[in-house]
Structures are given as structure tokens and as C-alpha cells.
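Architecture and fold: a report
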Amino acid sequence: MVELIVDKISQKIDGKSVLNQISFEVHANDFVVITGRSGSGKTTLLNVISGLTRPDSGQVYLDGQLIGKNMQKIWRNQIGFIFQNNLLLEKLTVKQNILMGAKFNKSLSDQEIRDLLAKVGMPDVDISQRVSTLSGGEQQRVALLRTLVKRNELIFADEPTGNLDDENARKLVEILKNWSLAEQHAVVMVTHNLAFITYATKHVAI
Ligand SMILES: Nc1ncnc2c1ncn2[C@@H]1O[C@H](COP(=O)(O)OP(=O)(O)OP(=O)(O)O)[C@@H](O)[C@H]1O
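Residues numbered from 1 in each chain as written. Predicted model: local features only at pLDDT ≥ 70, side-chain atom pairs only at ≥ 80, totals over all residues. Heavy atoms only, no water.

1. Brief notes about the site of the ligand
- Close to the ligand lie I13, D14, K16, V18, R37, S38, G39, S40, G41, K42, T43 and T44, which account for all nearby residues.
- The separation between an oxygen atom of the ligand and a polar side-chain atom of K42 is 2.7 Å.
- Interatomic distance of 2.5 Å between a side-chain N/O atom of T44 and an oxygen atom of the ligand.
- For the ligand, whose accessible area on its own is 630 Å², the fraction buried by protein is 55%.
- Secondary structure elements with two or more residues in the shell around the ligand: β2 (16-27) and α1 (42-49). (Near = heavy atom within 4 Å. Polar contact = N/O pair within 3.5 Å; in protein donor to acceptor, adjacent residues only side chain to side chain. Areas by Shrake-Rupley, 256 points an atom, 1.4 Å probe, with all protein chains shown as cover. Helix = DSSP H or I, 4+ residues; strand = E, 2+ residues; numbered from the N terminus.)

2. Some remarks on the packing of aromatic side chains
- Summed over the entire model, instances satisfying the criterion amount to three aromatic pairs.
- Each ring, one from F81 and one from F156, has its centre 5.8 Å from the other, and the planes form 55 degrees; the classification is tilted. Highlighted residues: F81 in strand β6 (residues 79-82) and F156 in strand β7 (residues 154-158), separated in sequence by 75 residues.
- The interplanar angle of 55 degrees and the centroid separation of 6.2 Å between the aromatic rings of F196 and Y199 together place this pair among those described as tilted.
- A connected cluster of aromatic rings, assembled from ring pairs, spans F81, F83 and F156. (Phe/Tyr/Trp six-rings, centres within 6.5 Å; stacked < 30°, edge-to-face > 60°.)

3. Some details on the pairing of β2
- Taken together, the eight bridges between strand β1 (residues 3-13) and β2 define a ladder with antiparallel strand orientation. Bridging across to β2, E3 finds its partner in H27. (Pairing = 2+ DSSP bridges.)

This is the structure we're talking about:
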């Protein structure tokens, strides 16, 4: 079971204090929601806790190990990422895009892919159609599945609902939340949408 400890992270950018002594812990099943106004430092914090940038002070530990260099192996095995602009390969099909995630783990049968699509409210989609023919909300759900099939114990999501209308945004967050509960996995989600605090096991306001 994954354990992430964020310990007194502080960061200045251009002399301005962006993060000030931020601490929280993430355990299996946690759904951590990080909120803050635009420019408050949400993405900066996510970059620090995922090891992309070093903080001015403070530490981040993943399963007792200090996060720092050599993160690639950890990303592949333990951490999945979801961003606002998930880059699907537009010329490839729904199935091919989802399998790109699965290749890190195991391959999936067509029926398993259809079952996954049904779970995210897309039971009738043709898995051999190009993703470019799907709506923006559908593409975002395919991108979410591509990450989920990697079966990482921890997912970092940076404004994953950014391009979606309210209804589709809520659906996507519910999928993530249900996945976290069902698989005992953890999610750290950055959002400016305060409505999503209701899904949180922990709320970090910055
Ligand atoms: N590379 C950089 N160079 C200069 N300033 C930066 C850089 N990256 C971030 N900043 C500044 O740091 C602050 C925090 O930025 P950050 O992107 O973390 O905010 P955010 O909360 O994610 O914002 P948003 O919700 O608008 O995406 C902002 O004032 C931003 O202008």
C-alpha cells in the first residue's frame, strides 16, 4: 500500500513565497483534493511532490524513500498522471490508446476494454474507431482509462476536468473516486472547483 509523506514544503518563485510549509500524508484509499485560486501554487506543489522540481525546503517521501532523482522507474511502476490536456494519439483507435497504458502491465481483451468503457458511461462506443471522432468529454474518459489500466497505486491529477462541462466533470471525478475505493488506491487531485471537496478524504487548501 502506497504512502506519500509531504513534509513542510516551501517554495519561492522569483522571490515570491508560493508554497509555505505545506504538509500532508497520503495513504491507500485517500482522495486528496488540493484547492486554491489561480496562481496560488497548486501546480507548483504537484510538481514538487512528483519529483519534477526540488523545493527550497521540505521533503517528500514515497514509501519511506526520499523523492528526488531517478524518478522514472517510480513513475512507471507506482505513479500515474492525468492532466488537463491528456494527449491521446488522435490517429489511433480507442482500443489502441487504452492498450498504450496496459502495456506496462498486461494486455486486455476486447471484452475487457468494452467493460471498462461501460464503467465510464461509454457502453456503445466502437473500440476500433479513431479517438479523434469522439467528443472532448469522451476523449477525456478514454485518457483516464489509459491511466487507470496501468494500475498504479497512486495517481496525480492536475485539473483533470479542466475542459469539461459540469456534468462530465462530476462524472470523471466520480470515476476516479470509485476507482480509488474499489482498488484501495490513492489519488491526489488539483482543482480550482470547490465542489469536489465533497469527494475528499483530505483537503489541502493553498
Ligand atoms: N516558471 C515560472 N516562472 C515564473 N513564475 C512562475 C513559474 N511557474 C509558476 N510561476 C508563478 O508561481 C505562481 C504559482 O503558479 P502555479 O502554476 O503553481 O499556480 P496554480 O495554482 O496551479 O494556478 P492555476 O490554477 O492558474 O493553474 C504563479 O504566480 C505563477 O505565475
